[in-house]
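# Observations on the three-dimensional arrangement
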Amino acid sequence: MPEQPPRPPLVALVVGPQGAYAVGPGVDEAWAPGDVPRRFAELAEGAAPRWVVWSAASTLHGVIGAGLDVARTWDLAEAHRLLHGGWWATPGHVVAGCRGLDEAAVPAPRSARLRGFDGDLFDVAAGEDAALFVAGGHLRADALAWASEPSRLRELAQLALECQQVQQQALERLGGRHSGRLERTVWSESAAAVLCLELERDGLPVDRAAAEDLIAASVGPRPRNEADAACIRAERDAAVLRHAPGRERTDLRNPAQVRDLLLSVGVDVPNTRAWVLEPYRHTHPLVDALLRWRKDERIATTYGYRWLDDHVGPDDRLRGSWTPCDGGAGRMTAQNGLHNLPAPLRPAICAAPGHVFVRADLGQIEPRVLAVVSADRAFAEATRADDLYAPVAAKLGAERARAKVAVLAAMYGQRSGAAGEALKDLERAYPVAMGLLDRAYADGVARRPVRTWGGRLIRLGSAAPASVDAEAPQPPAGGDFSGTGAEGARGRYARNAIIQGSAAELFKAWAATVRHYVRPLGGQIVLCLHDELLVHVPEQHASAAAAAVEQSLTTAARTWAGTDEVRFVADTSVIRRWSEAKP
């Protein structure tokens, strides 16, 4: 076998209010605040370490802000989320997890909202106690702010290295012969945390003039004052209310009044949600007008002129905070419209002059992930096709549409109606893959935690285990798992979470690989949206960047899955505006 390359040294870096401290092989030094970017760059070039940080958010803002490349990290917060599940991953939670302490007893910082869930550097607790730990062996809540002098910074950096070792040993015990896979998940999750800081720094390019025009088309011209805004709002409402003479005083923002309005034209619905109203769109023109009004109202209230002024900077970049893990299945999330931008505004997302977007969207990602995590060879064979549903349909002896319904029903736990009937055929054709999902369902019903392919713990209605060695017991073989109500909902959630969570891990491994591949081309990832990447790149490098994105998927998927048997595909295109991408 080829000799494995040496592992990079682990260097812990802690940044406090008065500077930073780095500890590792051959490194034991304090850095003055103004020297952090310079010393970081020098050490990165010389030792090429894997930086151990309490979190990217608490440590690397200044480094990323200086435009430096952070190649490798071990993010203690992200590793904690993988091992223990949940959302909170302050240094206190990390220490509690590593030492088997009660997570509920972790001291809470005074700040109600924490930057990166680690505490604000200026959120100093009362008093100046010199001890790093408090009663019960817990880390003090203000540890990062407390580390205001070199000796304290060094103590916190050494503690970070200790926690890294405990986490790595926990991964080895948890994963057994697959521990390398779990460790790679920590690496890619850590890289995603760094990518989040880069996304916040760089922003998403916006054509401001186009955005103004698109907003105006939905909500009217930019109001001159509050009175003008009220008139424009009334005109928008009137386009709906004219279909119900005599009901012009109805408040369209009041669901009860809207339901009465609908009743007045003969539309009786239990509530006024869009999916409930959609079947009535052609029953009465009021319904169609109301649904169109709601889309415009969403732009007016959430993505209107104030949104444009507040969140699109003078450099025409839309910025918002990013988090690498949503606390459930582990998806990346963003604020300020970066993850929820309405389709009518997508034409405003436009590459800067001389640049283009390389847009790539993973195709049929969840069933392909199912083929990996279940190790179902028959289902893996179906992934060799560009359209996975075609060979599945052939095996079932059914139409493609029925095969798709069956696969989606399997992952989302739909057992009633046509979906349930189609699922029975799928269970007979692919018993290994369906057996995995049934076991996850049973775990959910029984409130047992489940783990994704990469090792992420997903809690299901009970407290997280105090020890990283805690494992969910295996469900009994066989049995009827067709629970209803809360039990059935938990089962369906678990069934889907192991697939959604594993897909999120693959996506972040892919994004981290793309980030590395396109950097020499002057490219930067500017958007991560569920299973979609948007890469901003100089126009002359568009073809090379598109090829790099495709190759990155092959490389990342092979590493993540540990096999070539399952094929992953992406729809990749070069575009100038986001709206040019195929839906």
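Residues numbered from 1 in each chain as written. Predicted model: local features only at pLDDT ≥ 70, side-chain atom pairs only at ≥ 80, totals over all residues. Heavy atoms only, no water.

### A few points about the overall build of the chain
Across its full length, the chain holds 22 helices and 15 strands. Its C-alpha atoms give the chain a radius of gyration of 26 Å, within 12% of the compact-globule value 25 Å for 583 residues. Within the chain, the fraction of its 583 residues that count as buried is 51%. Across the chain, contacts joining residues at least 24 apart in sequence account for 65% of those joining residues at least 6 apart. For the chain, the accessible area works out to roughly 25600 Å², and carbon and sulfur atoms hold 52% of it. Counting 67 positive and 71 negative side-chain charges, the chain places the averaged centre of each group 4 Å from the other. (Helix = DSSP H or I, 4+ residues; strand = E, 2+ residues; numbered from the N terminus. Rg over C-alpha atoms; globule rule 2.2 N^0.38 Å. Buried < 20%, exposed > 50% of the residue type's maximum accessible area, 1.4 Å probe, protein only. Contact = heavy atoms within 4.5 Å. Areas by Shrake-Rupley, 256 points an atom, 1.4 Å probe, with all protein chains shown as cover. Lys, Arg positive; Asp, Glu negative; His and termini not counted. Charge placed at Lys NZ, Arg CZ, Asp CG, Glu CD.)

### Re the packing of aromatic side chains
In this description, a pair of aromatic rings is defined by centroid distance and the angle of the planes. In the structure shown here, the tally under the stated rule is 8 aromatic pairs. Look at W31 and W51: their rings are 6.5 Å apart centre to centre, the planes differ by 75 degrees, and that puts the pair in the edge-to-face class. Of this pair, W31 sits in strand 3 (residues 27–31) while W51 sits in strand 4 (residues 50–53), and the two are 20 residues apart along the sequence. Here the two residues W31 and W51 agree in accessibility, since each one is buried. Between Y303 and W307, the aromatic rings sit 5.7 Å apart at their centres with planes inclined by 75 degrees, giving edge-to-face as the arrangement. Of the aromatic side chains, those joined through ring pairs into one cluster are W31, F40 and W51. (Phe/Tyr/Trp six-rings, centres within 6.5 Å; stacked < 30°, edge-to-face > 60°.)

### Section: the confidence of the model for the chain
Within the chain, residue pLDDT values average 89, and 91% of them lie at 70 or more. Contacts from residues 112–127, a stretch scored under 50 in pLDDT, to residues over four places away or in other chains number 44 contacts. Throughout residues 462–483 the model reports pLDDT below 50, and contacts reaching past four residues in sequence, or to other chains, amount to 37 contacts. (pLDDT = per-residue confidence, 0-100.)

### Here's the deal with the sheet that holds strand 14 (residues 532–538)
Overall, antiparallel pairing links the 4 strands, which are arranged 13-14-10-15 in an open sheet. One side of each edge strand has no neighbouring strand; the edge strands of this open sheet are strand 13 (524–529) and strand 15 (569–575). Taken over all neighbouring pairs, the strand axes of this sheet differ in orientation by 20 degrees on average, direction set aside. Pairing of strand 13 with strand 14, which is carried by 5 bridges, proceeds in the antiparallel orientation. What sits directly across from Q524, in strand 14, is H536. (Pairing = 2+ DSSP bridges. Axes fitted to C-alpha atoms, helices over the stretch in contact; angles between N-to-C directions.)

### Here's the deal with the sheet that holds strand 2 (residues 19–24)
With mixed pairing, 5 strands are arranged side by side in an open sheet as 3-2-1-4-5. The open sheet has two edge strands, strand 3 and strand 5 (73–75), and neither has a second partner. Averaged over all neighbouring strand pairs, the angle between strand axes comes to 20 degrees, with direction disregarded. With 3 bridges joining them, strand 4 and strand 5 adopt parallel strand pairing. From the neighbouring strand, V52 faces strand 5, where its bridge partner is W74. Each of strand 1 (10–16), strand 2, strand 3, strand 4 and strand 5 is contacted by helix 7 (residues 150–175), which is oriented at about 135 degrees to strand 1, the strand it contacts most. Its contacts with the sheet put helix 8 (residues 179–202) on strand 4 and strand 5, and the angle it makes with strand 5 is roughly 90 degrees.

### Here's the deal with the pattern of salt bridges
A pair can form between side chains of opposite charge whenever their charged atoms are brought close. As enumerated under the stated definition, the model contains 42 salt bridges in all. Where E198 meets R515, a salt bridge forms, and the shortest distance between an N and an O atom there is 2.9 Å. Here R515 lies in helix 21 (residues 485–518) and E198 lies in helix 8, a separation of 317 residues in the sequence. For the residue pair E198 and R515, the accessibility class agrees, reading buried in each case. With a closest N to O distance of 2.8 Å, R281 and E278 form a salt bridge. For R281, a relative accessible area of 16% gives the class buried. It is possible to trace a salt-bridge network through shared partners that takes in E29, D35, R38, R39 and E42. (Salt bridge = Lys/Arg side-chain N within 4 Å of Asp/Glu carboxyl O.)

### As for the pairing of strand 3
One ladder, built from 5 bridges, connects strand 2 with strand 3; its direction is antiparallel. Counted as the bridge partner of A20 is W31 from strand 3. Connecting strand 2 to the next strand, strand 3, in antiparallel fashion are 2 residues, including G26 with a positive phi near 75 degrees.

### Observations regarding the nonpolar core
L370, V392, L426, W510 and F568 are the most contacted members of the largest nonpolar core, which has 100 residues in total. V14, V52, L153 and L171 belong to the second largest nonpolar core, which has 32 residues in total. (Core = buried A, V, L, I, M, F, W, Y, C linked by side-chain atoms within 4.5 Å.)

### Some thoughts on the environment of V450
By secondary structure assignment, the location of V450 is in strand 11 (residues 450–451). Judged by relative accessible area, V450 falls into the buried class, the value being 4%. In this structure, the C-alpha to C-alpha distance between V450 and A329, residues 121 residues apart in sequence, is 11 Å. Those residues within four positions of V450 in sequence are excluded, and the remaining contacts are D443, R456, L457, I458, L460, A494 and I498.

### Describing helix 22 (residues 542–561)
Since the α-helix packs 3.6 residues into each turn, any two residues three or four apart lie on the same face. Taking 1.5 Å per residue, 20 residues should reach 28 Å; helix 22 reaches 28 Å between its end C-alpha atoms and fits that length. For helix 22, every residue scored as buried is listed here: A542, A545, A546, A548, V549, S552, L553, A556, A557, W560 and A561. Along the long axis of helix 22, the arc covered by the buried residues comes to 165 degrees, so they all point the same way. Phi turns positive, to about 75 degrees, at G562, one or two residues after helix 22. (Expected span 1.5 Å × (residues − 1). Arc of directions from axis to C-beta.)

### What to know about the environment of P107
Turning to its location among the elements, P107 is positioned in the loop between helix 5 (91–99) and helix 6 (143–146). The contact partners of P107, leaving out residues within four places of it in the chain, are V134, H138, L139 and A141.

### Digging into helix 11 (residues 255–264)
Listing the buried residues of helix 11 in full gives V258, L261 and L262. All buried residues of helix 11 project into a common sector of 95 degrees when viewed along the axis, lining one side. Tucked inside the fold, the buried residues of helix 11 contact helix 10 (226–241), helix 12 (274–277) and helix 13 (285–302). A side-chain oxygen of the first residue of helix 11 lies 3.0 Å from the backbone nitrogen of A256; this N-cap is N254. At the exit of helix 11 stands G266, carrying a positive phi of roughly 90 degrees. (Polar contact = N/O pair within 3.5 Å; in protein donor to acceptor, adjacent residues only side chain to side chain.)

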